[in-house]
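Understanding the architecture of this molecule
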Amino acid sequence: MAMLVLEGEVCLCALLFPFLCPSLVDAQQYFLPLKWPRECGPREFFSSTEFICRPCGAGQQRAANGLSCICKPGYRLFRDYGGANITCSACNTGEAVTQDGWDCIQCGAMNSSTKILSNGKCACHNANEILVERTQNGKLLNQAGCQLCDAMPMAYTWPNSERNLCAKCGSSFIISAKSCDCSDLTVADGLCFSSSASVDARIDFPLLSLPIAVTSSWFAEHLLGARLACQNFRNTTACQALGNMCVMAMGSLRATSGPCQILLHIGTSSTGSHTNNIPTWPVGLPWIYYNHPTLPGDTRPILEAMALPNTFSTWDTQLCSDTASRIDSAYIFGTTYRQMCSISISVLQSHFPEPTFFEPFLEFEQNGQLHLYALPVLNLNLHDSFGTFINQGSDRRRWVLMRRFLLVDAVGGLGVPSSHLLRFVSSLSIFVTLVPGETLGRIFPPLLSLRYSEIDLETAGSDSMVQVSFSVDYSMKQGENQRQTDIALAVLGSLAVLHALQKTVSWRRRQGLHLLDLPSVVNFLIFFAGLLANVFFLVAFGTGLYWLIFYKNQQQVTVLLPSEQEEMSFVIYVSCALGLKFLQILHLLIFQTSVDIFFLDWERPRDAAEILAETSQTSMSEGARAKSTISIWRTYFVANEWIELQTIRKLSPALHILLTIFFLQVIGFENLALREPTPSLLPPLDTDAACWSRILRFGVCTSVWIVLGFLQIGLHSLCYERFIEDKIRQFVDLCSMSNVSVLIFSHCNFGYYIHGRSVHGRGDASIDEMYTNLKKEEENRCSCRGLLPNADVQTFEVATSINMRRRFEAINQTPAVVVPARLNGQALGVVEQNIQSYHIMNRFLSAFIDHAYKDMDYIVRDKTTLEKVLDMEIQEPLDKSLFYNDPRHSFSRVLCYGHSSTLLLFEMLLFCVVDLASQDLVLAAVITYFMQAAFCSIWQSLGKRNLAKKTLVDKRFLI
């Protein structure tokens, strides 16, 4: 494609600007014929400068690498200018080429048998002879000969590896064989031993899809020699090699003759002292195990041995590469670090062709002197003699801590059966624990935790990618904090029980119940669930706010966040709060959409004289008779306004969610939840690898949510409702102008009353009458709107007597029926029955409000302070009903408006739980918005159906 584009450009250039473009025939071509080194012939070499095959000269052949030429057997080097620029000369018949390749010489001298090899050079027959071609000053001899090395005492010499010099025998030969000849004894790994031993060269690979024990070629070659040399001679190199092989075997004790068991056997059979008085570190042996693997015991004395300063030198043993700032942040004290990366297997093999072993130490200064503290290593792949991974459990008494580890092992997995297995560290974590109660921020010895993975290279391939992670975690003992949390839960939970009992007593009084029954128990549990949700939230919010303030505002790190495992109890608290609050919301939904409600119309028909006076007629006409009827549209209008009030709130959920996302993500308050002790609104360098604290995240989200929520509610109450519109007060005013009162029974014997009786006598008025009536009220030329004379209070809490409630229920027994579009005779009968029930209820309630029933009278009074605090009526309405003055418009409790704080808390918990689970604020915002929208739709739908059923208002007129 690139060639076509280039040719098109050239042709276009030639057409438009022929005087500027060179001829296509004379254009320079920058391409070469493709040639590979393997394609060159046996007498050719590949020229790395020309990328072509060139022939070798006379008497030459291609070198092993294919990039140069060498002399053929029987040819000596005459000139060498480097690379393939050489000249070779043939030796005479019967002559061989010297070992350095520059001269020709005859084989056979010094009474030794020599031979000419296929490479055209001389060689000795006997193993204890060396080939001599030159004198000590470098002069070429006439003939090459063989010289016998003296392997007997006083000399102990043997040919070196190049067989051109008699060198001193190894000490193992001298000690064991008293000679350089060890043919009658045991030779292992180039050493001579007078005794032998059994070894198990197998390495377990239990993490493969098909677990296998590989007989390692490297172990088979070196394990016996390392064992005998360490056991017999205390050879330092052999003992260190034995320790390294134990690490390659993951510290496993499964093989009785494996490197780890051998090392323990040598250590226990040693009668010497221990290095630095450490029981698991015998003198002369490597320190592999921190505690004895067969009797591990409790590791807490090791992990909490001493308090160290939090300023120390660091090491870099991770496989992932990163920017310098990111790597440095991993070792900022108190900053939790996470990193994950993908590495190809070929990179692991190239960087670690042989295992590299590490022993971690912590360098610190104490009393002006530098010290090294040996850090323990927790190998999660270590398994006991039964194959159990004992370090993967939470029981620290079974842990076996080690001192040495490796990152990649590409050698141990080579062996029998034919296999090529690779083991590498897939997870490396450093755990730092702060000493509790310290003001200097000292720490316990850090713990390195490693988890290895295993791959079969014959099936995976060298181009396969593997996942590697590195982390640094800081923690401290949270026992005291957990104890305080438990105390807070216990105290607040007890108060919740008492409050739930009080609410249940209030509910029973309002229901008119005297005996304990199942509904009372159910309501107690629901009340307790809602209060317990508040308790869980308060504890979780207090915990989040505590850590947000004290962890993020410390000059020197003295407190650390709970670990991710310890945060699970916190997440459970928040989840329980959400579940219990959801149960409370469902109960609230059922409660508000099942209340008894009736619209009391005070309008009365006008008499004939009034109609004649208004129409200037002398007799009643059909039009006048029509005017004498009462319009139902006022009641329908009030009913529709009531439906609109069902879901109004003191804040806008959509605006609130948008503002929360703005402050958390755009402004950057979300970044305060990072596990680092320094507060910053700047985003992390790598958001994917950022380490968030669930506790801090909850504390930040809830703080922003609550502040914005109360700010919006405050502005709505102080500014919007006062200067723009107050829909609750407007509804009360609408009732007064419509001459319609509203009676709501939230309980059997308790409810709310909105006195909407017009002070002008009627609500059906012309526009002139309406403005005249309003002007009279502005000029105080009419009575007050209140229920009592000279009172403005129009809303009341009502505690009804038993007689009144029984009469109300008797009239309300006739069910409301929605009339179909096409009425038949039967439907007309039902409609007439509904209309009759409506008129009877309207007359009964009107008479009740006007004190027409002496046996069902009522009194108006104020609630006492105790009754307001407890939200419970102390006095029972036995003979007379009680109307409590309620200027606060408590009837909003049967609307969402009166439960704004409960809904705000539920949506906040839902938002936080989704965010804690997904770490995604946008997703949490979307789910929260759609959830509240669904609740709002369901709430309004059920409220409309209940209104049509309870008010005898046809559902078709409810918009």
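Residues numbered from 1 in each chain as written. Predicted model: local features only at pLDDT ≥ 70, side-chain atom pairs only at ≥ 80, totals over all residues. Heavy atoms only, no water.

A closer look at the overall build of the protein
Worth spelling out the cut-off: Helix numbering and strand numbering both begin at the N terminus, where a helix is a DSSP run of H or I of at least 4 residues and a strand a DSSP run of E of at least 2. Relative accessibility decides the category of a residue: with a 1.4 Å probe and only protein chains considered, values under 20% of the type maximum give buried, values over 50% give exposed, and everything between is partly exposed. Contacts are assigned to residue pairs with any non-hydrogen atoms lying within 4.5 Å of each other. All accessibility values rest on the Shrake-Rupley procedure with a 1.4 Å probe; residue burial counts only the protein chains present in the view.
Each helix and strand in the protein was counted, giving 24 helices and 34 strands. A burial count over the protein gives 46% of its 959 residues as buried. Sequence separation of at least 24 residues holds for 66% of the intrachain contacts in the protein that already meet a minimum separation of 6. Carbon and sulfur atoms form 58% of the exposed surface of the protein, whose accessible area is close to 49100 Å².

A word on helix 10 (residues 479-511)
We apply this condition: Multiplying one less than the number of residues by 1.5 Å gives the expected span of a helix.
Over its 33 residues, helix 10 runs 47 Å from end to end, which matches the ideal 48 Å to within 8%, given 1.5 Å per residue. Among all positions of helix 10, only Thr-485, Leu-489, Gly-493, Ala-496, Ala-500, Gln-502, Thr-504, Ser-506, Trp-507, Arg-508, Arg-510 and Gln-511 are buried. Of the surrounding elements, those touching the buried residues of helix 10 are helix 11 (518-550), helix 12 (567-592), strand 31 (750-754) and helix 22 (865-870). Once helix 10 finishes, Gly-512 follows within two positions and takes phi at roughly 75°, a positive value.

Focus: helix 18 (residues 727-738)
Note on helix geometry: an α-helix contains 3.6 residues per turn, so any two residues three or four positions apart are oriented the same way. With twelve residues, helix 18 should reach 16 Å at 1.5 Å per residue; the first-to-last C-alpha distance of 16 Å fits that figure. Among all positions of helix 18, only Ile-728, Phe-731, Val-732, Leu-734, Cys-735, Ser-736, Met-737 and Ser-738 are buried. Contacts from the buried residues of helix 18 go to helix 15 (633-645), strand 30 (740-745), strand 31, helix 19 (767-778) and strand 32 (795-799).

Details of the pattern of salt bridges
A pair can form between side chains of opposite charge whenever their charged atoms are brought close. Put simply, the rule reads: Salt bridge criterion: a side-chain nitrogen from Lys or Arg within 4 Å of a carboxyl oxygen from Asp or Glu.
Under the defined criterion, the tally for this structure stands at 32 salt bridges. Across the pair Arg-423 and Glu-454 runs a salt bridge, and its minimum N-O distance is 2.9 Å. With Arg-423 in strand 26 (residues 419-434) and Glu-454 in strand 27 (residues 447-456), this pair connects stretches of sequence that are 31 residues apart. For the pair formed by Arg-423 and Glu-454, the shared burial category is buried. Between Glu-876 and Arg-509 there is a salt bridge, with the nearest N and O atoms lying 3.7 Å from each other. Of the two residues, Glu-876 is situated in the loop between helix 22 and strand 34 (881-885) and Arg-509 in helix 10; the sequence distance between them amounts to 367 residues. Judged by relative accessible area, Arg-509 falls into the partly exposed class, the value being 30%. One salt-bridge network, held together by shared partners, links Arg-510, Glu-797, Lys-863, Asp-871, Glu-873 and Arg-893.

Side note on the sheet that holds strand 8 (residues 104-107)
Definition in use: Note on pairing: two strands pair once DSSP finds at least 2 bridges between them. Orientation is described by lines fitted to C-alpha atoms, with helices fitted over the stretch in contact, and by angles between N-to-C directions that extend from 0 to 180 degrees.
The four strands are arranged 7-8-12-11 in an open sheet whose pairing can be described as mixed. A strand with exactly one partner marks an edge of an open sheet, and here the two such strands are strand 7 (95-97) and strand 11 (129-134). On average, each strand axis in the sheet is tilted by 40° relative to the strand beside it, whichever way the strands run.

Some words on the UniProt feature "transmembrane region" (unreviewed entry) in the protein
Using the following cut-off: UniProt positions are given in the numbering used here, feature names are shortened, and annotations may be inferred rather than shown by experiment.
Sites flagged by UniProt as "transmembrane region" (unreviewed entry) map to residues 522-550, 570-591, 694-720, 894-916 and 922-942. For residues 694-720, the helix share is 100%, the strand share is 0%, and the end-to-end C-alpha distance is 36 Å. A distance of 30 Å separates the end C-alpha atoms of residues 922-942, which is 100% helix and 0% strand.

What to know about the environment of Phe-710
Locating Phe-710 in the fold gives a position in helix 17 (residues 694-724). The exposed category is assigned to Phe-710, whose relative accessible area is 54%.

Describing the packing of aromatic side chains
Inclusion rule: Here the aromatic set is Phe, Tyr and Trp, taking the six-membered ring for Trp, and pairing holds for ring centres within 6.5 Å; pairs whose planes are under 30 degrees apart are stacked, those over 60 apart are edge-to-face, and all others are tilted.
One pass over the structure, following the stated rule, counts 34 aromatic pairs. Ring centres 5.3 Å apart and planes at 80° place the aromatic pair Phe-570 and Phe-698 in the edge-to-face group. With Phe-570 in helix 12 and Phe-698 in helix 17, this residue pair connects regions lying 128 residues apart in the sequence. You can call Phe-570 buried: its relative accessible area is 4%.

Observations concerning the state of the cysteines
The condition is simple: Two cysteine sulfurs form what is called a disulfide whenever their separation falls within 2.5 Å.
By the definition in use, this model includes nine disulfides. The disulfide partner of Cys-107 is Cys-122, and the S-S distance across this bridge is 1.8 Å. One disulfide, between Cys-107 and Cys-122, carries an S-S torsion of -90° and so falls in the left-handed class. A residue pair is termed long-range when its members are at least 10 positions apart, and Cys-107 in strand 8 and Cys-122 in strand 10 (residues 122-124) qualify at 15 residues. The buried category is assigned to Cys-122, whose relative accessible area is 3%. For Cys-149, the disulfide goes to Cys-166, at an S-S distance of 1.9 Å. Looking along the S-S bond of the Cys-149-Cys-166 disulfide, the torsion reads about -85°, which is the left-handed sense. Placement of the pair is Cys-149 in the loop between strand 12 (140-148) and strand 13 (157-159) and Cys-166 in strand 14 (residues 166-168), with a sequence separation of 17 residues. Residue class for Cys-166 comes out partly exposed when judged on its relative accessible area of 25%. No disulfide involves Cys-896; its nearest neighbouring cysteine sulfur is the one of Cys-936, lying 6.8 Å away.

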